[in-house]
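Chain by chain, the residues run as shown.
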Amino acid sequence: MLITIGLPAAGSAQNRWARQVHDELQRALNVVHAHGGDRPLLDKEGTLNQEESASFTITLREGVSYSIFGVCDEDCSRLRLVLATLANSELALDRTSEGFPVLQFTPRVTAEYRIRVAMEECRLNPCWYAAGVIPSSGAKP
Amino acid sequence: MAPLRVWIAVAVGGCALIALAYLPPRGAAPRGPRFATYSPEPTAARRRAQAVAKEWRETDASLRLLEDRQHVKWDSSRVGPAIIFRGPTLPPTAVRTVEAVADSMWRALGLGETKVRAALVIALERAPGSAPGPIPDQNGVAFLTPDSTDRTTCMAFLPANHFWTAVLLGHPPRHFEPDWLARWFQSGLGPCAYYAAYGTPSRSVRSWLAARNWDVALYLGTHGIAGERFLSVNLLGDPRYSWYWDGIYSLSPSTVACLAGRLDGCRSAVLYGADDDARIAVPEIVRLEQGWWRKQHLLPGERFLGDVARDVGRDRFQSFWTSSLPVDTALAAALRQPVGEWTKQWERRFIQPIRLGAAAPLGATLLALLLAAVAVSAVALAASRRQVR
């Protein structure tokens, strides 16, 4: 049985696209959590038009493995997730998953990193997206 | 006789050239208006005061729309646009009636839950002096389109004149028909209806529409903007009267050429602004001033994209709406034919091709021919007398 972690419940004021991405991200985080992952460090939800992007900064600890997820609504066919330093040097990006990018990353140093979510294809703008970061199994304290 | 023939040919050719150069175009009034009213030219100070007042009203209207956007209350039990009233308080029953009409109109447009939600701000007519401070803008229709600070809300400002205020307050005139209110709401949604139906357009489409003040996307409905067959093109009047032609020739050359059924003109009229990389202001406020139809680049442009959408179907229109290709390419791909050709056929649904070019009145033509004949005869007579035998 999956448990609900991290994210607040989708409110009734949200529309179906917001609920969709909220539920999908919740499911992804639950899966990682069920396999021994920790609580999510970051979860963001929002809207982007095609060719727009949003960035967040997060502190990641040295030696800890992190799973970084992105999900988007039914009208989105390509969401790009990029992990970079604050100086915008790209460290990891998902090139394969179209609407559900996932990154696995273990930092060598504890520092602030930037996560960029780019809406590359959205059939009906804006598209809802959600991004989450969770320490994966085998994480060192 | 050979030199005489040359003289005659030169004289006739000269007359033709002068006629082409100086005859007024078809329908143009030969004189100034007979019943024109002349108002004294305002002083520089008055013009300046009017300009400042206009700027104040526009800024005030923009700020009010931005404030309203922050405070819209979305009712999850309704599908239609949120309704915000300004001015006198409406009784609850009147509010419920208005919301029910708005919901029906929304469904009639084929809309339900939409990514971009619309809110109609209806400003009821206020008596002068009923509120402190200057009177805000109560005439111009305006729209606040979604932007990066709020990608999911489109606001439409709809001023209610004396007639509509009475209707909304529950005192409609005797001849009032039930569907008039829904039509008024539908035309008041303007670009917000497109945002609701097709989402936010791509940058190239949005830039094109911004450059021409959204004149081709003001009405999504199946009928005319204020009734079954009422279109902006009807406002030109009757071709038998000179004001019709005054109206025609106040339009841009490509608009007139399209009315005359010329392919290039239709293409230029549709693609006006498509080549510019127009800056999209944030917030983007689209204003429709009184007499907006006189500034259209295509007649009846207000329904152009609505008709395109109906003709090509939802999927093809959606591809055009969000395409990052140049507008002419994306639109031609959606139409599956050149833009000018489709537009020329579309124009024929509303107006017969007008005839352009010089048009001489019958009396003036006869007089000119008579004068030309006299001139030619005089020249011929003079030439024959000067011949050396």
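Residues numbered from 1 in each chain as written. Chains lettered and ligands numbered in written order. Predicted model: local features only at pLDDT ≥ 70, side-chain atom pairs only at ≥ 80, totals over all residues. Heavy atoms only, no water.

### A short note on the overall build of chain B
Stage number 1. For chain B, the helix and strand inventory stands at 15 helices and 5 strands.
Stage number 2. Sorting the 389 residues of chain B into buried and exposed places 42% on the buried side.
Stage number 3. Taking the intrachain contacts of chain B between residues at least 6 apart in sequence as the baseline, contacts between residues at least 24 apart amount to 77%.
Stage number 4. In the form shown here, chain B has an accessible surface area of approximately 21,300 Å², with 58% of it arising from carbon and sulfur atoms. (Helix = DSSP H or I, 4+ residues; strand = E, 2+ residues; numbered from the N terminus. Buried < 20%, exposed > 50% of the residue type's maximum accessible area, 1.4 Å probe, protein only. Contact = heavy atoms within 4.5 Å. Areas by Shrake-Rupley, 256 points an atom, 1.4 Å probe, with all protein chains shown as cover.)

### Describing the interface of chain A and chain B
Stage number 1. In this complex, chain A contributes 19 residues to the contact, which on the side of chain B involves 17 residues.
Stage number 2. Here chain A meets chain B over a buried area of about 1,400 Å², counting both sides, of which 48% is carbon and sulfur.
Stage number 3. Area buried by chain A at its contact with chain B is led by R123, L124 and N125 of chain A, which between them contribute 35% of it.
Stage number 4. Put simply, chain A and chain B have 4 salt bridges between them.
Stage number 5. Note that K115 of chain B is salt-bridged to D75 of chain A, the shortest N-O span being 2.9 Å. (Buried area = accessible area lost by both parts, 1.4 Å probe. Salt bridge = Lys/Arg side-chain N within 4 Å of Asp/Glu carboxyl O.)

### Concerning the nonpolar core
What tends to happen in soluble globular proteins is that the nonpolar side chains get buried as a cluster.
Stage number 1. With 82 residues, the main nonpolar core has L168, F185, F304, L305, F320 and W321 of chain B as its most contacted residues.
Stage number 2. When near neighbours in sequence (up to four residues on either side) are disregarded, W321 of chain B contacts Y194, Y198, G199, T200, P201, S202, V205, L209, W214 and L305 of chain B.
Stage number 3. Grouped together as the second largest cluster of nonpolar side chains are 26 residues, V64, C76, L81 and V133 of chain A included. (Core = buried A, V, L, I, M, F, W, Y, C linked by side-chain atoms within 4.5 Å.)

### Some points on the state of the cysteines
Residue and element names in this part refer to chain A.
Stage number 1. Counted under the stated rule, the structure contains 4 disulfides over all chains.
Stage number 2. Across the disulfide from C122 sits C127; the S-S distance is 2.1 Å. Classification of the bridge connecting C122 and C127 rests on its S-S torsion, roughly 90 degrees, and on that basis the disulfide is right-handed. Neither C122 nor C127 differs from the other in exposure class; each is buried. (Disulfide = S-S within 2.5 Å.)

### Thoughts on the pattern of salt bridges
All names here are of chain A.
Stage number 1. Applying the stated criterion to the full structure yields 24 salt bridges over all chains.
Stage number 2. For E74, the salt bridge is made with R16, and the minimal N-O distance between the two is 3.0 Å. Remark: R16 occurs in helix 1 (residues 16–34) and E74 occurs in the loop between strand 3 (66–72) and strand 4 (76–85); sequence separation between them is 58 residues.
Stage number 3. Measuring nitrogen to oxygen at the nearest pair gives 3.9 Å for the salt bridge that ties R116 to E90. Placement of R116 in strand 7 (residues 111–122) and of E90 in strand 5 (residues 90–93) is noted, with a sequence separation of 26 residues between them.
Stage number 4. Taking the relative accessible area as the measure of exposure, R116 reaches 32% and is therefore partly exposed.
Stage number 5. Judged by relative accessible area, which is 48%, E90 ranks as partly exposed.

### Considering the packing of aromatic side chains
All names here are of chain B.
Stage number 1. Inspection of the entire model under this criterion finds 23 aromatic pairs over all chains.
Stage number 2. Consider the rings of F163 and F176, whose centres lie 6.1 Å apart with planes at 50 degrees: the pair is tilted. Highlighted residues: F163 in helix 4 (residues 162–168) and F176 in the loop between helix 4 and helix 5 (179–189), separated in sequence by 13 residues.
Stage number 3. Centroid distance F317 to W321: 5.7 Å. Interplanar angle 25 degrees. Geometry classified as stacked. Here W321 and F317 lie together in helix 12 (residues 314–321), a separation of 4 residues that amounts to about one turn.
Stage number 4. The exposure class of W321 is buried, given its relative accessible area of 0%. (Phe/Tyr/Trp six-rings, centres within 6.5 Å; stacked < 30°, edge-to-face > 60°.)

### Some details on the sheet that holds strand 3 of chain A
Residues and elements named next belong to chain A.
Stage number 1. Overall, antiparallel pairing links the 4 strands, which are arranged 1-8-3-6 in an open sheet. Bordering the open sheet on either side are strand 1 (42–48) and strand 6 (102–105), each of which pairs with just one other strand. Going across the sheet, the axis of each strand differs from the next one's by a mean of 15 degrees, ignoring polarity.
Stage number 2. Against the sheet, helix 1 makes contact with strand 1, strand 3 and strand 8 (127–135), and its axis sits at roughly 15 degrees relative to strand 8, the strand it touches most. (Pairing = 2+ DSSP bridges. Axes fitted to C-alpha atoms, helices over the stretch in contact; angles between N-to-C directions.)

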